[in-house]
Amino acid sequence: MDGWTDELTRARLHVVTGKGGTGKTTVAAALALALATGGRRVLLVEVENRQGIAQLFDRPPLPYAEQRIVSAPGGGEVRALAVDPEAALLEYLDMFYNLGFAGRTLKKMGAVEFATTLAPGLRDVLLTGKVKECVRRTGKTGRHEYDAVVLDAPPTGRVVRFLDVTRAMADLAKVGPIKGQSEGVVRLLHSGDTAVHLVALLEEMPVRETLDAVAELDGADLRPGAVFVNRVRPPRLPARSVAAAAAGRVDVEQVRAGLVAAGLDLAEDVLEGLVEQTGEHAARVRAEQRAKEKLAESDLPTLDLPELTDGVDVAALYELAEVMVGRGVR
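Given the structure is predicted, the values throughout are model-derived calculations rather than measurements. (Residues numbered from 1 in each chain as written. Predicted model: local features only at pLDDT ≥ 70, side-chain atom pairs only at ≥ 80, totals over all residues. Heavy atoms only, no water.)

Student: Looking at this structure, how should I read the overall build of the chain?
Tutor: Regarding its fold elements, the chain presents 14 helices and eight strands. Each of the 330 residues in the chain was classed as buried or not, and the buried ones make up 47%. In the chain, of all internal contacts separated by at least 6 residues, the share reaching a separation of at least 24 is 74%. As displayed, the chain offers around 16,100 Å² of accessible surface, 53% of which is attributable to carbon and sulfur atoms. (Helix = DSSP H or I, 4+ residues; strand = E, 2+ residues; numbered from the N terminus. Buried < 20%, exposed > 50% of the residue type's maximum accessible area, 1.4 Å probe, protein only. Contact = heavy atoms within 4.5 Å. Areas by Shrake-Rupley, 256 points an atom, 1.4 Å probe, with all protein chains shown as cover.)

Laid out in structure tokens, this is it:
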């Protein structure tokens, strides 16, 4: 299934995950730009304490505050937030228990570390709880402050545990504000307002991990969104020639004649190197075709993103966002 869907358009929280090295932070940033195109306001959030967003946009480390980071075509804007568990806990204590001063004292005593050690799931509740607050927050007019929130989430191997831990915390905390907070997060993450997108490469391991993550998300009643196939390279050979070239059946004399006709008379060793590279390219194309067929088993919307040959910078993020918008992201 190709392209964005109306169901995904209605989502307000877009969780982006992927196997390490697939470019999930890049895709999350480009998705935020795409969703902000046309005058919308989008919040881009990270929770892994890596400052990946700041590095991507070539900015100083982000504080625990929502900052405007870039404008989007059509008058939109993207703000960014790096959620810190300790700051979120102190904010939580102040918000629900009026313990702002006491919270700072607890911080000095190491109580933050103690609390998250006592209840390991608390850390993820604090992180996802802050995300939920940003998604649900409204202004004086009653309109949501953000049209969408994009979460650069942990990798596929940890994402379900990260998103679903709130259910365990809701069972642990039977009364009080933490119960309400946990239940609110559970409702958001397991609702149609949330979509969990996966970033993959056309390689065996990322594809396998993507399909495993889709099955795990389904099992946890979390909604998979789209699969972003990153770093897609165009084939350089006609489709009819790929199978033969991948099997090493390249007509050297035909290649030579074609080059001569184009005004290129190559030395024998150069021609041999070119033929060898042709075979390697064809084998890669075949492997990528098989990977794409395997990915199709997920039956999810798929969006191909081109390989950025000049590296990833802010201009490249706009380029990827434009591709996404062209595929219906809005």
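Student: What exactly am I supposed to notice about the sheet that holds strand β2 (residues 41-46) here?
Tutor: In a beta sheet, neighbouring strands are held together by backbone hydrogen bonds and run either parallel or antiparallel to one another. Spatially, the eight strands line up as an open sheet ordered β3-β4-β2-β5-β1-β6-β7-β8, and their pairing is mixed. Each edge of the sheet is formed by a strand with only one pairing partner; in this case those strands are β3 (67-72) and β8 (302-306). Strand-to-strand twist across the sheet, computed as the mean angle between neighbouring axes with direction ignored, equals 25 degrees. Its contacts with the sheet put helix α14 (residues 314-326) on β3, β7 (224-232) and β8, and the angle it makes with β8 is roughly 150 degrees. (Pairing = 2+ DSSP bridges. Axes fitted to C-alpha atoms, helices over the stretch in contact; angles between N-to-C directions.)

Student: Before we go on, may I ask you to explain helix α13 (residues 268-295) in this structure?
Tutor: For an α-helix, 3.6 residues make a turn, and residues three or four places apart therefore share a direction. Over its 28 residues, α13 runs 41 Å from end to end, which matches the ideal 40 Å to within 8%, given 1.5 Å per residue. Here α13 has its buried residues at Leu271, Val275, Gly279, His281, Ala282, Val285, Glu288, Ala291 and Leu295. Of the surrounding secondary structure, the elements contacted by the buried residues of α13 are β6 (194-200), α10 (204-219), β7, α11 (239-246) and α12 (252-261). (Expected span 1.5 Å × (residues − 1).)

Student: When you look at the packing of α10 against α13 in this model, what are you seeing that I'm missing?
Tutor: The geometry of a pair of packed helices is captured by two quantities: the angle between their axes and the separation between those axes. Put simply, α10 and α13 touch, their axes get as near as 10 Å, and they point 0 degrees apart. On the basis of their axis angle, the class for α10 and α13 is roughly parallel. Of the residues in α13, those touching α10 at Val207, Thr210 and Leu211 are Ala291, Lys294 and Leu295. Class assignment for the residues of the contact of α10 with α13 results in four nonpolar, one polar and one charged. (Parallel < 35°, antiparallel > 145°, perpendicular 65-115°, else oblique. Nonpolar A, V, L, I, M, F, W, Y, C, P; charged D, E, K, R; others polar.)

Student: Would you mind showing me how to read the packing of α12 against α13 here?
Tutor: At a minimum axis distance of 11 Å, the contact between α12 and α13 shows a crossing angle of 115 degrees. Here α12 is positioned roughly perpendicular relative to α13, judged by the angle of their axes. Where α12 crosses over α13, the two elements pack in a sense that is right-handed. Contact residues: α12 offers Val252, Val255, Arg256 and Leu259, while α13 offers Glu268, Leu271, Leu274 and Val275. Here the contact of α12 with α13 is built from residues that sort into six nonpolar, no polar and two charged. (Left-handed = near helix turned anticlockwise from the far one by under 90°.)

Student: Got a minute to help me understand the nonpolar core in this structure?
Tutor: Across soluble globular proteins, nonpolar side chains show a tendency to be buried alongside one another. Of all hydrophobic cores here, the largest spans 43 residues; its most connected members are Leu13, Val45, Val149, Leu151 and Leu163. For this core, the leading source of residues is helix α7 (residues 121-136), giving six residues. Counting residues in each nonpolar core, the second largest holds 42 residues, with Ala30, Leu56, Leu303 and Val329 among its members. (Core = buried A, V, L, I, M, F, W, Y, C linked by side-chain atoms within 4.5 Å.)

Student: Any chance you could explain the pattern of salt bridges here in plain terms?
Tutor: When the charged atoms of two side chains with opposite charge come close together, those side chains can pair. Tallying each qualifying case throughout the model produces 23 salt bridges. Across the salt bridge formed by Glu288 and Arg284, the nearest N and O atoms sit 2.8 Å from each other. Of this pair, Glu288 and Arg284 both sit in helix α13, separated by four residues, roughly a single helical turn. Classification of Glu288 as buried rests on a relative accessible area of 11%. On the basis of relative accessibility, which here comes to 22%, the residue Arg284 falls in the partly exposed class. (Salt bridge = Lys/Arg side-chain N within 4 Å of Asp/Glu carboxyl O.)

Student: Would you mind showing me how to read the pairing of β7 here?
Tutor: Successive residues of a regular strand alternate their side chains across the two faces of the sheet. Of all nine residues in β7, seven are buried, a share of seventy percent or more. Sheet topology note: the β6/β7 ladder contains four bridges and is parallel. Across the sheet, Leu198 pairs through a bridge with Val227, a residue of β7. Once you follow β6 into α10 and on to β7, the crossover reads as right-handed. Summarising the sheet, β7 and β8 pair through four bridges and their orientation is parallel. The residue of β8 that forms the bridge with Val227 is Thr302. (Right-handed = clockwise from strand over helix to strand, strands pointing away.)

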